[in-house]
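The residues making up each chain are set out below.
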Amino acid sequence: MKLLLFLSNTIIPIMIFYIVGTGLIQKQNIYEQFIQGAEDGFKTVIKIMPTLVGLMVAVGILRASGLLDAVSGLFGSLIGQKIVLSEIIPVFVVRLFSNSAATGLVLDIFKKYGTDSMIGTIASIMMSSTETVFYTMSIYFMSVKIKKTRWTLAGAMAATVAGAAASVVIAHYIV
């Protein structure tokens, strides 16, 4: 355990020194390359900003309108309360669009039920085994100007549903 703590505290400084050292050995202008990379990153942020704002507004509308509660009630009655708790369904739906909004929902679950509860465990595992499908697709495909996504959405949704189902199974096994 001490080895893992040591590695987690030192890996980033080691990587920075390695990159700078390699650049110096190869006689590269490290500062100029850093500034160029920062400029490119800023241009990318400017390009994707409208998409990010649109996604944030959409998630805010979903939360404020009560649609998430309606969807969770519907799916909760279809799936059954013993298999998946209805409080976890909004986390799954919001997670498809926004990691930060889903994290807010998970923190609400932690406050209400505790981190070691069944629902807290499911939420924790689900956050690490699912993806922000629509956010990722919109950012990546927009930045490289891909118009036809083919089977990307179907594959990403299948993987996300599998991750959510696995989180329920794993949590039932653990707790």
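Residues numbered from 1 in each chain as written. Predicted model: local features only at pLDDT ≥ 70, side-chain atom pairs only at ≥ 80, totals over all residues. Heavy atoms only, no water.

1. Structural notes on the overall build of the protein
The helix and strand inventory of the protein stands at eight helices and zero strands. Scaling as 2.2 N^0.38, a compact globule of 175 residues should have a C-alpha radius of gyration of about 16 Å, whereas the protein reaches 21 Å, well beyond that. Its C-alpha atoms give the protein principal-axis dimensions of about 65 × 45 × 30 Å. Across the 175 residues of the protein, 29% fall into the buried class. Surface summary for the protein: the accessible area is close to 11900 Å², and the carbon and sulfur share equals 71%. In the protein, 13 side chains carry a positive charge and 8 a negative one; their mean positions are 6 Å apart. (Helix = DSSP H or I, 4+ residues; strand = E, 2+ residues; numbered from the N terminus. Rg over C-alpha atoms; globule rule 2.2 N^0.38 Å. Buried < 20%, exposed > 50% of the residue type's maximum accessible area, 1.4 Å probe, protein only. Areas by Shrake-Rupley, 256 points an atom, 1.4 Å probe, with all protein chains shown as cover. Lys, Arg positive; Asp, Glu negative; His and termini not counted. Charge placed at Lys NZ, Arg CZ, Asp CG, Glu CD.)

2. Focus: the packing of aromatic side chains
Overall, the coordinates contain one aromatic pair when judged by the stated rule. Between phenylalanine 97 and phenylalanine 134 the ring centres are 4.9 Å apart and the planes differ by 20 degrees, which places this aromatic pair in the stacked class. With phenylalanine 97 in the loop between helix H4 (88–95) and helix H5 (99–113) and phenylalanine 134 in helix H7 (residues 133–143), this residue pair connects regions lying 37 residues apart in the sequence. Take phenylalanine 97: its relative accessible area is 23%, and that puts it in the partly exposed class. (Phe/Tyr/Trp six-rings, centres within 6.5 Å; stacked < 30°, edge-to-face > 60°.)

3. With respect to the nonpolar core
Counting 27 residues, the largest nonpolar core has Ile88, Val91, Phe92, Val94, Ile109, Ile122 and Met126 as its most contacted members. Broken down by secondary-structure element, the contributors of at least two residues to this core are helix H2 (30–65), H4, H5, helix H6 (118–129), H7 and helix H8 (152–174). Setting aside residues no more than four positions away along its own chain, phenylalanine 92 makes contact with Met126, Thr160, Val161 and Ala164. (Core = buried A, V, L, I, M, F, W, Y, C linked by side-chain atoms within 4.5 Å. Contact = heavy atoms within 4.5 Å.)

4. Here's the deal with a nonpolar patch on the surface
Taken together, the side chains of Ile11, Ile12, Met15, Ile16, Tyr18, Ile19, Val20 and Leu24 define a hydrophobic patch exposed on the protein surface, amounting to about 810 Å² of accessible area. Topologically, isoleucine 12 is positioned in helix H1 (residues 2–25). A relative accessible area of 58% means that isoleucine 12 is categorised as exposed. (Patch = residues over 30% accessible without salt bridge, like charges linked within 9 Å, V, L, I, M, F, W, Y side chains within 5 Å. Salt bridge = Lys/Arg side-chain N within 4 Å of Asp/Glu carboxyl O.)

5. With respect to H8
Its 23 residues give H8 an end-to-end C-alpha distance of 32 Å, which sits within 8% of 33 Å, the value for a rise of 1.5 Å per residue. Where the residues of H8 are buried, they touch H4, H6 and H7. (Expected span 1.5 Å × (residues − 1).)

6. Side note on the packing of H6 against H8
Close contact between H6 and H8 brings their axes to 8 Å; oriented N to C, the two are set at 140 degrees. Compared by their axis directions, H6 and H8 come out oblique. Once H6 is placed against H8, the crossing between them reads as right-handed. Between H6, through Met118, Thr121, Ile122, Ile125, Met126 and Ser129, and H8, the contact on the second element is made entirely by Gly163, Ala164, Ser167, Val168, Ile170, Ala171, His172 and Ile174. Residues that form the contact of H6 with H8 fall into these classes: nine nonpolar, five polar and no charged. (Axes fitted to C-alpha atoms, helices over the stretch in contact; angles between N-to-C directions. Parallel < 35°, antiparallel > 145°, perpendicular 65-115°, else oblique. Left-handed = near helix turned anticlockwise from the far one by under 90°. Nonpolar A, V, L, I, M, F, W, Y, C, P; charged D, E, K, R; others polar.)

7. Some remarks on a positive patch on the surface
On the surface, a cluster of positive charge is made up of Lys43, Lys47, Lys145 and Lys147. By the element assignment, lysine 43 lies in helix H2.

8. Here's the deal with the confidence of the model for the protein
Chain-level statistics for the protein give a pLDDT mean of 85 and a share of 94% at 70 or above. Across the protein, H6 holds the top mean pLDDT of 92, while helix H3 (residues 67–79) sits lowest at 72. (pLDDT = per-residue confidence, 0-100.)

9. Observations concerning the packing of H7 against H8
Contact geometry for H7 and H8: axes closest at 10 Å, N-to-C directions at 145 degrees. For H7 against H8, the interelement crossing comes out right-handed. Seen from H7, the contacting residues are Val133, Phe134, Met137 and Phe141; seen from H8, they are Thr152, Leu153, Ala156, Met157 and Thr160. Here the residues of the contact of H7 with H8 sort into seven nonpolar, two polar and no charged.

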